[in-house]
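Fold and contact review
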Amino acid sequence: MREPTMLPAPEWDLSEQGTNSPRVLVVDDEENIAYLVGTGLRMAGYTVRTASTGREALALADTMHPDAIVLDVMLPDDDGYTVLRRLRGRGCEAPVLFLTARSDPAERIHGLTSGGDDYIVKPFVLEEVVARVQVALRRSGAIADLPVQRRVADLVLDDQAHRVWRGDDEIHLTATEFTLLRCLMTNAGLVVTRAQILDHVWRYSFEGESAIIETFISSLRKKLDRGGTKLIHTVRGVGYTIREP
């Protein structure tokens, strides 16, 4: 996986995603990794906080009461196993997914037998991390099964079948177009910034080459708006949004 270019992360309020949004704490001392994972989870609709040390993670867990925790094993103060033990000692029962560069089978076994719910090895695929967090949240009862279909007006996206319809007409999209559309529809009614799109769809920044987004947005509009009402809108200087007419 190519290392993402660090972009300024916005300040996120716990209420920003809504009071019913599951809360996820991401703990990693590598800023790019924490930002990348955090962005992917926000795109999936979760409220996210990030920490770079074990002590910071414990303090945040006391205030935000996370529904799930993505925890790096190698931290600058305490290791992830120690942090997990202290979290449990404080009464935190949120599922913990270890994220680490240690791939040795003995390390995996230690991570899982020490109370971890999953063990993800770097380098990773962002979509897999998000999917595993979703599984952990469903198992813990923090979220119900996610909807297979997403809808905006007469536009329907089926995640499982990987198909899209506008009214009665099926729209054939490339893999990248589908991922971009899913990103917009997951955040229907909200503005998705260019930086968020680059991180979610391409997994890293193009350093000024955001014109690639405009190319794919233009392609989506041609396919989706043919004979129908315009659904994808440009918010100048910020990004894009998809909303009901």
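Here, the structure is the one placed above.
This section reports on the structure supplied with the text. (Residues numbered from 1 in each chain as written. Predicted model: local features only at pLDDT ≥ 70, side-chain atom pairs only at ≥ 80, totals over all residues. Heavy atoms only, no water.)

Moving on, we come to the nonpolar core. Counting residues in hydrophobic clusters, the biggest one holds 25 residues, and the most contacted among them are Leu155, Val164, Leu181, Ile197, Leu224 and Ile242. Looking at this core, the elements that each hand over two or more residues are strand S7 (155-158), helix H6 (175-186), helix H7 (194-202), helix H8 (211-224) and strand S12 (239-242). Looking at this core, the element that brings in the most residues is H6, giving six residues. For Ile197, the contacting residues outside a window of four places in its chain are Leu180, Cys183, Val192, Trp202, Ile213 and Tyr240. Of all hydrophobic cores here, the second largest spans 22 residues; its members include Ala57, Leu60, Ala61 and Ile69. (Core = buried A, V, L, I, M, F, W, Y, C linked by side-chain atoms within 4.5 Å. Buried < 20%, exposed > 50% of the residue type's maximum accessible area, 1.4 Å probe, protein only. Helix = DSSP H or I, 4+ residues; strand = E, 2+ residues; numbered from the N terminus. Contact = heavy atoms within 4.5 Å.)

Glancing now at helix H5 (residues 126-140). If you check H5, its first and last C-alpha atoms are 21 Å apart, about what 15 residues at 1.5 Å a residue would give, namely 21 Å. Of the residues making up H5, those classed as buried are Leu126, Val129, Val130, Val133, Gln134, Ala136 and Leu137. All buried residues of H5 lie within an arc of 165° about the axis, which places them on one face of the element. Considering only its buried residues, H5 is in contact with strand S1 (23-27), helix H1 (31-43), strand S3 (68-72), strand S4 (96-100), strand S5 (118-121) and H7. At the C-terminal side of H5, Gly141 shows a positive phi close to 85°. (Expected span 1.5 Å × (residues − 1). Arc of directions from axis to C-beta.)

Looking now at the pairing of S4. In terms of burial, S4 is a largely internal element, five of the five residues being buried. Judged by which residues are buried, S4 turns out to be covered on both faces: Val96, Phe98 and Thr100 on one side and Leu97 and Leu99 on the other are all buried. Relative to S4, S3 runs parallel, the two sharing four bridges. When the bridges of S4 are listed, Ile69 appears paired with Val96. Crossover S3 to S4 through helix H3 (residues 80-89) is right-handed. (Pairing = 2+ DSSP bridges. Right-handed = clockwise from strand over helix to strand, strands pointing away.)

A few words on the pairing of S7. Along any regular strand, the residues point their side chains to alternate faces of the sheet. Of the two faces of S7, both are covered, the one formed by Leu155 and Leu157 as well as the one formed by Val156 and Asp158. Pairing between strand S6 (residues 149-152) and S7: four bridges, direction antiparallel. Opposite Gln149, over in S7, you have Asp158 as the bridge partner. What sits between S6 and S7 in their antiparallel hairpin is a turn of two residues, with Ala153 showing a positive phi close to 55°. As paired strands, S7 and strand S8 (residues 163-166) are joined by four bridges and run antiparallel to one another. Bridging across to S8, Leu155 finds its partner in Arg166. Adjacent in sequence and paired antiparallel, S7 and S8 are bridged by four residues, among which His162 carries a positive phi angle near 60°.

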